[in-house]
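# Survey of secondary and tertiary structure
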Amino acid sequence: MKKYLLALLAVITIGLTASAVKPEITLSYGGYNQMDACDNHDGWGNVNTSWGSLNAGINFPVTRNFSFGPSYTFSSTTTKGGAFHSKIAYHAIMMNANYIYYRNSIVKVYGHLGLGSVISHMQPLGENSYNKAYFGLQISPVGAQVGLGNGFSMYGELGFGVQGLVQVGFRYQL
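The present account deals with the structure reproduced in this document. Along each chain, numbering runs from 1 in the same order as the chain's sequence is written. Given that this is a predicted model, residues contribute local features only at a pLDDT of at least 70 and side-chain atom pairs are listed and counted only at 80 or more, while totals for whole chains, interfaces and linings are drawn from all residues. The basis for the side-chain values is all heavy atoms of the structure; hydrogens and waters are excluded.

Only protein chains enter the accessibility calculation, which uses a 1.4 Å probe. A residue is then buried if its area is under 20% of the maximum for its type, exposed if over 50%, and partly exposed in between. Numbering goes from the N terminus for both helices and strands, where a helix is a DSSP run of H or I of at least four residues and a strand is a run of E of at least two. Where burial is concerned, the two faces of strand 1 (residues 24-31) differ: the one with E24, T26, S28 and G30 is buried and the one with I25, L27, Y29 and G31 is not. In this structure, strand 1 lies alongside strand 2 (residues 53-61), joined through 7 bridges in antiparallel fashion. Along strand 2, the bridge assignment pairs L27 with A56. For two strands to be treated as a pair, DSSP must find at least two bridges joining them. The sheet contact formed by strand 1 and strand 8 (residues 166-173) spans 8 bridges and is antiparallel. What sits directly across from E24, in strand 8, is Q173.

Given below as structure tokens:
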């Protein structure tokens, strides 16, 4: 854990000092995530599809076309009803990299890669809650960002992973 925190601190420090461009905060929603597609629920049966993923992150520009930063994702689901109706909450922490491969005055087209972990918080009815960790991944080869003015932009991505198969959201450059 100490190594992870030191690496995060190093990335933030490099990001703040390497570029005059300010960092940006991202908020998004993604549909059909890794937790639905893979068994990120400790083999529990009769698990419903989650409602999607809420994502928040911060990107620190390293160069004109490359940014790097942490993100947090939350999702949850339940098991199908009955006497043992239970809940599962998913928490994901990832480091993300974005590379812009086309830009003009309004639009940026980029790719996104995120690596980290998913913590599944199992809440069985009538039993003690427990956690199970899984590898977290986000691969979005195609993303587009459109500037709205005053540092705000909206974006959409197509890919697979913790943050969703299709992800849409907003960015604000600090």
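The next thing to look at is the environment of G156. Considering the arrangement of structural elements, one finds G156 in strand 7 (residues 152-161). Taking C-alpha positions, G156 is 9.6 Å from Y29, a pair spaced 127 residues apart along the chain. Among all residues touching G156, those that are not within four sequence positions of it are Y110, V142, G143, A144, Q167 and V168. Only heavy atoms matter for contacts: two residues are in contact if any of them lie within 4.5 Å across the pair.

Aromatic pairing here means that ring centres of Phe, Tyr or Trp (its six-membered ring) are within 6.5 Å. Orientation follows from the plane angle: under 30 degrees is stacked, over 60 is edge-to-face, and everything else is tilted. Applying the stated criterion across every chain yields a total of 3 aromatic pairs. Judged by centre distance (6.4 Å) and plane angle (25°), the rings of F66 and F68 are stacked. The class for F68 is partly exposed, based on a relative accessible area of 22%. Judged by centre distance (4.6 Å) and plane angle (40°), the rings of F152 and Y172 are tilted. Taken together, the residues span a long stretch of sequence, with F152 in strand 7 and Y172 in strand 8 at a distance of 20 residues. Y172 gets classed as partly exposed once you look at its relative accessible area, which sits at 33%. For a lysine, the NZ atom is tested; for an arginine, the CZ atom; a charge sits over a ring if that atom is within 6 Å of the ring centre and within 35 degrees of the ring normal. Across the ring face of Y155, the terminal group of R171 is positioned such that the distance to the ring centre comes to 3.9 Å.

The subject of this paragraph is the sheet that holds strand 7. Spatially, 8 strands are ordered 1-2-3-4-5-6-7-8 in a closed barrel, and the strand pairing comes out antiparallel. The average undirected angle you get between the axes of adjacent strands in this sheet is 25°. Bridge count for strand 4 (residues 87-103) against strand 5 (residues 107-123) is 16 bridges, and the pairing is antiparallel. Paired with Y102 across the two strands is V109, which belongs to strand 5. In this analysis, axes come from line fits to C-alpha atoms, helices being fitted only over the stretch in contact, and the angle between any two N-to-C directions falls in the range 0 to 180 degrees.

A few words on unusual backbone geometry. Of all residues except glycine, most have a negative phi; of all peptide bonds, most are trans. Residues other than glycine seldom take positive phi values, yet Y32 does so here, at roughly 50°. Within the secondary structure, Y32 sits in the loop between strand 1 and helix 2 (34-37). Its identity is not glycine, yet D42 carries a phi of approximately 55°, on the positive side. Within the secondary structure layout, D42 lies in the loop between helix 2 and strand 2. Since its relative accessible area comes to 32%, D42 is described here as partly exposed.

On to the pattern of salt bridges, then. We count a salt bridge whenever a side-chain nitrogen from Lys or Arg sits within 4 Å of a carboxyl oxygen from Asp or Glu. Per the stated rule, a full pass over the model turns up 3 salt bridges. For R171, the salt bridge goes to E24, with nearest N and O atoms at 3.4 Å. Remark: E24 occurs in strand 1 and R171 occurs in strand 8; sequence separation between them is 147 residues. One exposure class covers both R171 and E24, and it is buried. When the shortest N-O distance is used, the salt bridge between R171 and E157 registers 3.9 Å.

Geometric values such as these leave the question of function open.
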